[in-house]
Amino acid sequence: AGAEAGLQAARARAGVRSGKSGAAESATALVINAPRSGVMQAVHVAPGQRVAAAAPLFEVVRLDQVWIRVPVYVGDLPEVVRGEPARISGIGEGGGLAGRAARPVAAPPSADPNAASADLYFELSNEARLLRPGERVGATLTLRGDEGEQLTVPWSAVLHDAFGGTWVYTRSAPHVYTRQRVEVQNVAGELAVLARGPAPGTQVVTVGAVELFGTEFGTGK
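Report on the accompanying structure. The numbers attached to residues start from 1 for each chain and follow its sequence in the written order. Under the rules for a predicted model, residues below a pLDDT of 70 receive no local features and side-chain atom pairs below 80 are neither given nor counted, while totals for whole chains, interfaces and linings still include all residues. Think of the side-chain values as coming from all heavy atoms in the structure, minus any hydrogens and water.

### Concerning the environment of Leu-57
Helix and strand definitions follow DSSP, with helices as H or I runs of at least four residues and strands as E runs of at least two, each counted in order from the N terminus. Locating Leu-57 in the fold gives a position in the loop between strand E1 (39–43) and strand E2 (58–61). Spatially, the C-alpha atom of Leu-57 lies 5.7 Å from that of Val-45, the residues being twelve residues apart in sequence. The contact criterion used throughout is that any non-hydrogen atoms of two residues lie within 4.5 Å. Beyond its immediate chain neighbours, meaning those up to four positions away, Leu-57 contacts Ile-32, Val-43, His-44, Val-45 and Val-51.

Below is the structure:
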């Protein structure tokens, strides 16, 4: 009986496809309208394929508004000011010097235990289609600053070596400059807030620091 039922079902399907069965007359195309306009990102079925109920057919994404996922080390989460917008900039742009404001949004909590990071989400207008899904960008977050004054230098004075170390050149005498190690805590606009650096009031090189760095190691002019 089971084999007979399977045979009849197979003949019915063959009749629908060949148009020789009365079932073909009842088979009509079902138009499914996308709930919103967007870009077709993925198609999960082929024309004529039989699909189960509630199976995804295709994916449509909106690009006029994008979400930015920012993984943050869990030890730094208490220092992040929640509710403040983030500055989103492209790779290669100066940190804190450029970018567009993205407002925080509520999203399902996610984290990466291997990297000891938790994710924060921000929404950014993308009317000009400058960003694409999956693109890597830079994000500058607002941190809770310590009370009182903080040591700062112009961001243009900070140099990075091949190992990620940060340095500045200080003026020790007329036409004499000394490279000094600094520890950048965060960047605020055109200023770099230092956790460790030269004494307050020390003169630092803000224009031409890269040339001094190249001269010191024999690669500059």
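Additional details are given in the paragraphs that follow.
### Re a nonpolar patch on the surface
Taken together, Leu-30, Ile-32, Met-40, Val-43 and Phe-58 make up a surface patch of nonpolar side chains, about 520 Å² in accessible area. Looking at the element boundaries, Met-40 is found in strand E1. For patches, a residue must show more than 30% relative accessible area and have no salt bridge; joins then use 9 Å for like charges and 5 Å for nonpolar side chains, namely Val, Leu, Ile, Met, Phe, Trp and Tyr. Accessibility throughout is a Shrake-Rupley quantity obtained with a 1.4 Å probe, and a residue counts as covered only by protein chains that appear here. The salt bridge criterion pairs a side-chain nitrogen of Lys or Arg with a carboxyl oxygen of Asp or Glu, the two atoms within 4 Å.

### Things to note about the pattern of salt bridges
Under the definition given, this model contains five salt bridges. Among the ionic pairs, Asp-119 bridges to Arg-69, the shortest N-O distance being 3.4 Å. Of the two residues, Asp-119 sits in strand E7 (residues 117–125) while Arg-69 sits in strand E3 (residues 65–73), which places them 50 residues apart along the sequence. For every residue, the accessible area obtained with a 1.4 Å probe (protein chains only) is divided by the maximum for its type, and the residue is called buried under 20%, exposed over 50%, and partly exposed between those limits. In this structure Asp-119 comes out as buried when scored by relative accessible area, which is 14%. Across the pair Arg-196 and Glu-183 runs a salt bridge whose closest N-O atoms are separated by 3.8 Å. In this pair, Arg-196 is assigned in strand E13 (residues 191–196) and Glu-183 in strand E12 (residues 176–188), connecting sequence segments 13 residues apart. A relative accessible area of 39% places Glu-183 in the partly exposed class.

### Description of the sheet that holds strand E10 (residues 159–160)
Strand order in the open sheet formed by five strands is E9-E13-E12-E11-E10, and the pairing between neighbours is antiparallel. Either end of the sheet is taken by a strand with one partner, and the two such strands are strand E9 (151–154) and E10. Note: E10 against strand E11 (residues 166–173), two bridges, orientation antiparallel. Bridge pairing in E11 places His-160 opposite Thr-166. Every angle, taken between N-to-C directions, lies between 0 and 180 degrees, and every axis is a line fitted to C-alpha atoms, over only the stretch in contact when it is a helix. Strand contacts of helix H3 (residues 209–216): E10, E11 and E12, with the helix running at about 90° to E11, the strand carrying the most contacts. Whether two strands pair depends on DSSP finding at least two bridges between them.

### Describing the packing of aromatic side chains
What counts as a ring pair is set by centres within 6.5 Å for rings of Phe, Tyr and Trp (its six-membered ring), and what kind of pair is set by the plane angle: stacked under 30 degrees, edge-to-face over 60, tilted for all other angles. One pass over the full model with this rule turns up two aromatic pairs. Judged by centre distance (5.0 Å) and plane angle (50°), the rings of Phe-213 and Phe-217 are tilted. Note that Arg-179 overlies the ring of Trp-167, its terminal NZ or CZ placed 4.3 Å from the centroid. By definition here, charges over rings are those cases where NZ of Lys or CZ of Arg is within 6 Å of the ring centre and within 35 degrees of the ring normal.

### Quick notes on the nonpolar core
The definition of a nonpolar core used throughout is a set of buried Ala, Val, Leu, Ile, Met, Phe, Trp, Tyr and Cys residues joined through side-chain atoms within 4.5 Å. Judged by nonpolar contacts, the single largest core of 14 residues is most densely connected at Ile-68, Val-72, Ile-88, Leu-120, Phe-122 and Leu-124. Broken down by secondary-structure element, the contributors of at least two residues to this core are E3, strand E4 (86–90) and E7. When near neighbours in sequence (up to four residues on either side) are disregarded, Ile-68 contacts Ile-88, Leu-120, Tyr-121, Phe-122, Leu-124, Leu-131 and Val-137.

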